[in-house]
Amino acid sequence: MDNMCSKGAKESPEELKKQILELKKQKNAVILAHYYVNGEVQDIADYVGDSLALAQKAAAECQQADIVVMCGVNFMGETVKVLCPDKKVLVPDTEAGCSLADSCPADAFKAFVEAHPDHTVISYVNTTVEVKGLSDVLVTSGNARKVVDSFPADAKLIFGPDRNLGSYINAQTGRNMLLWDGACHVHERFSAEAIAKLKEEHPQAKVLVHPECRRPVALMADKVGSTAVLLKYAIESDAQEFIVATEAGILHQMRKSAPHKTFIPVPPTDSTCGCNDCSYMKLNTLAKLRDCLVNERPEVTVSAEAAAAALKPINRMLELSK
Ligand code: 13P
Ligand code: SF4
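Residues numbered from 1 in each chain as written. Chains lettered and ligands numbered in written order. Predicted model: local features only at pLDDT ≥ 70, side-chain atom pairs only at ≥ 80, totals over all residues. Heavy atoms only, no water.

Engineer: I tried to follow the overall build of the chain on my own but got confused; where do I start?
Structural biologist: Scanning the chain from terminus to terminus reveals 15 helices and twelve strands. Against the 2.2 N^0.38 benchmark of 20 Å for 322 residues, the chain shows a C-alpha radius of gyration of 20 Å, consistent with a compact globule. With the principal axes as the frame, the chain shows a C-alpha extent of 60 × 50 × 35 Å. A total of 322 residues make up the chain; the buried ones form 54% of that total. Put simply, of all contacts in the chain between residues at least 6 apart along the chain, 64% involve residues at least 24 apart. (Helix = DSSP H or I, 4+ residues; strand = E, 2+ residues; numbered from the N terminus. Rg over C-alpha atoms; globule rule 2.2 N^0.38 Å. Buried < 20%, exposed > 50% of the residue type's maximum accessible area, 1.4 Å probe, protein only. Contact = heavy atoms within 4.5 Å.)

Engineer: What should I look at first to understand empty space enclosed by the protein in this one?
Structural biologist: Summed over all chains, the structure comprises two cavities of 30 Å³ or more. Looking at the largest cavity, its volume works out to about 240 Å³. Around the largest cavity, the lining comprises 28 residues; the ones closest to its centre are Tyr36, Asn126, His187, Glu212 and Met281. Taken together, the elements giving at least two residues each to the lining of the largest cavity come down to helix H3 (51-60), helix H4 (74-83) and helix H5 (99-102). Residue composition of the lining of the largest cavity, by class: 13 nonpolar, 13 polar and two charged. Within this model, the second largest cavity holds a volume of roughly 80 Å³. Taken together, Ser51, Leu54, Ala55, Met70, Phe75, Met76, Thr79, Val80 and Val125 form the lining of the second largest cavity. For the lining of the second largest cavity, the secondary structure elements donating two or more residues are H3 and H4. The biggest single contributor to the lining of the second largest cavity is H4, with four residues. Split into classes, the residues belonging to the lining of the second largest cavity amount to seven nonpolar, two polar and no charged. (1 Å grid on protein atoms, 1.4 Å probe; cavity = no way out; pocket = protein on both sides within 12 Å on 5 of 7 lines; lining within 4 Å. Points joined across faces, edges and corners; volume = space filled by probe spheres on them. Nonpolar A, V, L, I, M, F, W, Y, C, P; charged D, E, K, R; others polar.)

Engineer: Would you take a moment to explain the site of ligand 1 for this structure?
Structural biologist: Around ligand 1 sit 14 residues, and of these His34, Ser51, Ser141, His210 and Thr227 come closest. The separation between an oxygen atom of ligand 1 and a polar side-chain atom of Thr227 is 2.9 Å. Out of a free accessible area of 300 Å², ligand 1 has 96% covered by protein chains. In this structure the site holding ligand 1 corresponds to the largest cavity. The residue makeup of the shell around ligand 1, split by class, is five nonpolar, seven polar and two charged. (Near = heavy atom within 4 Å. Polar contact = N/O pair within 3.5 Å; in protein donor to acceptor, adjacent residues only side chain to side chain. Areas by Shrake-Rupley, 256 points an atom, 1.4 Å probe, with all protein chains shown as cover. Sits in = over half its atoms within 2 Å of the grid points.)

Engineer: How do you make sense of the pattern of salt bridges when you look at a structure like this?
Structural biologist: Should the charged atoms of two oppositely charged side chains come close, the side chains can pair. Per the stated rule, a full pass over the model turns up 18 salt bridges. One salt bridge in this structure joins Lys288 and Asp93, with 2.7 Å as the shortest N-O distance. Separated by 195 residues along the polypeptide, Lys288 in helix H14 (residues 286-295) and Asp93 in the loop between strand S4 (88-90) and H5 bring together distant segments of the chain. When its relative accessible area of 25% is taken as the criterion, Lys288 is described as partly exposed. We classify Asp93 as buried; its relative accessible area is 14%. When the shortest N-O distance is used, the salt bridge between Glu201 and Lys197 registers 3.8 Å. Here the residue Glu201 and the residue Lys197 both occupy positions in helix H10 (residues 192-201), the gap between them amounting to four residues, near one helical turn. Note on Glu201: relative accessible area 48%, which makes it partly exposed. By relative accessible area, Lys197 is classed as exposed at 52%. Put simply, Arg163, Asp181, Glu188 and Arg214 are held in one network by salt bridges that share partners. (Salt bridge = Lys/Arg side-chain N within 4 Å of Asp/Glu carboxyl O.)

Here's what the structure looks like:
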């Protein structure tokens, strides 16, 4: 397979896809992709989904594979490795970090948790494996409400690291969870003003908002939800136009699933690139995916100790999501 390794070579997408499919079969590999990666990477994946669905796939359906490739960001690769410890877990680019996970360093979060010993700790999956290990249960944007609802109304809860998802759940449930002050730089770019302007131009359009967006943006929404929830709503709704406030990768599946409908991305307010891309997610390319299958690296590694600590809250989340 050495002749497949790229370094500088410029193969066509078709050639790369052919090689990926061959390698996948030869190496008994499964490819998972998040809705935010490039469309062509989504199209070649075995499973495309939101963070919850990908964790569920890793737990259930990747067990027959020898290699699992996670096309997403590093915390997703770590989650797969924790759930599939005996598999070789690969990521196309180890530079694929996450500003939200970065906004919650494990040592600072540990001090926060220790300062509130009577609180149960609920963390978003967008965290490092170390932060997961400090948590009692994890959530994704797809199941946060359900997991939080599983605790008594008067339970003392810490929610980290996303202050926007946390305050959305607080508002939904009437709770007063203690929030870690973290955020995703992509979702914080959206403004209520930009949505109001688009609504003037498209008065019939439904507004779809990811809960990582700020509160005033969520208040403009017809539907707030994870990428999978927003996609389902767009497919099932009678509306023909949708204003979409989340990372632009989801538009690929929306347009594919409902080609006759119109999807309008909300322009970000303070982005130098002028787009809604998560630059980390966009590091996943067909060429890097092919190379990682050829080289069987970069490989995700998680220490046994960190994996054991993280597995408990991940499994608790998966149990509560059934
Ligand atoms: P979901 O996959 O839960 O919609 O989360 C979005 C996200 O930011 C993943 O990085
Ligand atoms: Fe992280 Fe935001 Fe990118 Fe999701 S969109 S991976 S939360 S930086």
